Amino acid sequence: MAYAAGGALAAEVSKAGGLGFIGCGYTDASWGKREIDVACKSFQLSASATSTTLLPIGIGYITWYLTEHPELLEEHLEYTKQTPLAAFWFAYGDCRRFMAMVRDKSPQSKIVVQVNTVKEASDAADQGADAIVVQGHEAGGHGPVLNSSTIILVPEVVSMLQSRYPNRSIPVLAAGGIANGRGLLAALALGASGVVMGTRFMAAEESVYHINAKKAVVEAKDGGTTTMRTEMLDTLRRSNWPQGYNGRVLRNAITDAMERGESLRALQKLYDDAKASNDAKGLAIFAGSNVGLVNEILPAGQIIANTMREANQAYHNLSDMLDV
Ligand SMILES: Cc1cc2nc3c(=O)[nH]c(=O)nc-3n(C[C@H](O)[C@H](O)[C@H](O)COP(=O)(O)O)c2cc1C
C-alpha cells in the first residue's frame, strides 16, 4: 500500500504469520531501500550481508508507474542481491517485462500479481505468476471502473484457473472488503487460499499513513455511504492514473464540494490547504467500503492474531449451524 506500508508494517505482518509488503508505488528508489533497511533491522539482518535465507517480506509496485520509473525495480533488485526478498507484487498494468527481471535477478523470490478481472487472472497465470490477488470493487485504493465484487470475482477466477490449469495449483488471494476473521473464513469458502487486507492494516499502528487519516477511517461507519470511488482525488494529487481507473476514498469535504459542482480550482485549493495541515476533511484517504469493520488502531501483530482467532470461532459456529 503506497503511503501506508513501510518496512515496519511489512516486518510486523510477517512476524505474525502473514506476508507483509512494502508499498513502493509513486516513490523513488531510495525510499524503498530505506524501508528495506527498516525491515532488515527488525529481523536483525543487513541488506548488504550475504544471507542464506530470504528476507521474509515482499515489495509492491504500481505497474504503470514502474513503466515510467523502471529504475525503482532495477535498484531494489541490486540492493537485495545478497538478501533476496520473499516476493515481488505487481498491480495495474502489463508487468511481463518486470516479471522477467525478477526471475532473472532474484529467482528465489515469488511473484504476486494483483488482478481485477477474470481475463487479467488468466493472463497472470499464463505469464507464470506464483500467486494471484483478486481484488473486488469494495477494496480501498485503486481499481478499474468496471470491476465486480470480491464475492463474485474470487469464485469465478478460482473455477477458471482450475479448469484452465488442472495440474497447477495457483494460490488465489481475495482482496476487497476483508477486515476480520469472518471475512477471512468467507474468502476461504469462496475458494481463496488466503486474503489480502489493506484498509485494516492502513489503520495499523505501524502504518506510515498520517494519524489523522487513520483516525478518520476508524471513525467512519457504513462504508457504502462513507466511501466512494472517484478519479478526482488523483487529479488533485496530480497523479497520472491511466484512463479507466478510479480509487475508493473516504468521503469528506472535498468529495462533498465535488458533488456540489464546485470548480476544479476551488477543489484544488481545498485539497492543497488540507494537505499542508494534514486535515482529514480534505485529504485523499484511500480506504475500502469495509471501514465500518475497522474500529481501532491496533498493532499489526494483534490484527493478525484477532483475525485468526475470529476465523476459528466463526468456523466452529458454522460447523454447529451446518451440523457437520
Ligand atoms: C491506503 C491504501 C493504499 C493502497 N495502495 C496500493 C498500491 O500501492 N498498490 C496496490 O497494488 N494496491 C494498493 N492498495 C489496494 C490493496 O492492495 C488491496 O487490494 C486492498 O486494500 C484490499 O481491499 P481492502 O482495502 O478492502 O482490504 C491500497 C489500498 C489502500 C487502502
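Remember, it's a predicted structure, so these values are computed and weren't measured experimentally. (Residues numbered from 1 in each chain as written. Predicted model: local features only at pLDDT ≥ 70, side-chain atom pairs only at ≥ 80, totals over all residues. Heavy atoms only, no water.)

Draft legend 1. Inspection of the sheet that holds strand β6 (residues 141-144) at higher detail. With antiparallel pairing, the three strands of this open sheet are ordered in space as β6-β10-β9. The two strands at the open ends of the sheet, each matched to only one other strand, are β6 and β9 (227-230). Each neighbouring strand pair of the sheet contributes to a mean axis angle of 30°, computed without reference to strand direction. The pairing of β9 with strand β10 (residues 245-250) spans four bridges and is classified as antiparallel. The residue bridging methionine 228 from the neighbouring strand is valine 249, located in β10. (Pairing = 2+ DSSP bridges. Helix = DSSP H or I, 4+ residues; strand = E, 2+ residues; numbered from the N terminus. Axes fitted to C-alpha atoms, helices over the stretch in contact; angles between N-to-C directions.)

Draft legend 2. Inspection of the packing of helix α2 (residues 29-42) against helix α4 (residues 71-79) at higher detail. Axis separation between α2 and α4 bottoms out at 9 Å; the angle between their running directions is 30°. Taken as axis vectors, α2 and α4 run roughly parallel relative to one another. In this structure, the crossing between α2 and α4 has a hand that is right-handed. In this structure, α2 contributes Ala29, Gly32, Lys33, Ile36 and Asp37 to the contact, and α4 contributes Glu71, Leu72, Glu75, His76 and Tyr79. Among the residues making up the contact of α2 with α4, the classes are represented as four nonpolar, two polar and four charged. (Parallel < 35°, antiparallel > 145°, perpendicular 65-115°, else oblique. Left-handed = near helix turned anticlockwise from the far one by under 90°. Contact = heavy atoms within 4.5 Å. Nonpolar A, V, L, I, M, F, W, Y, C, P; charged D, E, K, R; others polar.)

Draft legend 3. Inspection of the domain arrangement of the chain at higher detail. Domain parsing of the chain yields domain 1 (7-210 + 294-322) and domain 2 (211-277). On a C-alpha basis, the centroid separation for the pair domain 1 and domain 2 is 25 Å. Of the residues lining the interface, 26 residues belong to domain 1; the matching set on domain 2 comes to 21 residues. Of the roughly 2,000 Å² buried between domain 1 and domain 2, counting both surfaces, carbon and sulfur atoms make up 58%. Interface area lost by domain 1 to domain 2 is led by Trp64, His142 and His210, which between them contribute 31%. Applying the counting criterion to the domain 1 and domain 2 interface returns zero salt bridges. Within the residue set of the side of domain 1 that touches domain 2, elements represented by two or more residues are β6 and α9 (199-202). (Domains from an automatic or database assignment. Buried area = accessible area lost by both parts, 1.4 Å probe. Salt bridge = Lys/Arg side-chain N within 4 Å of Asp/Glu carboxyl O.)

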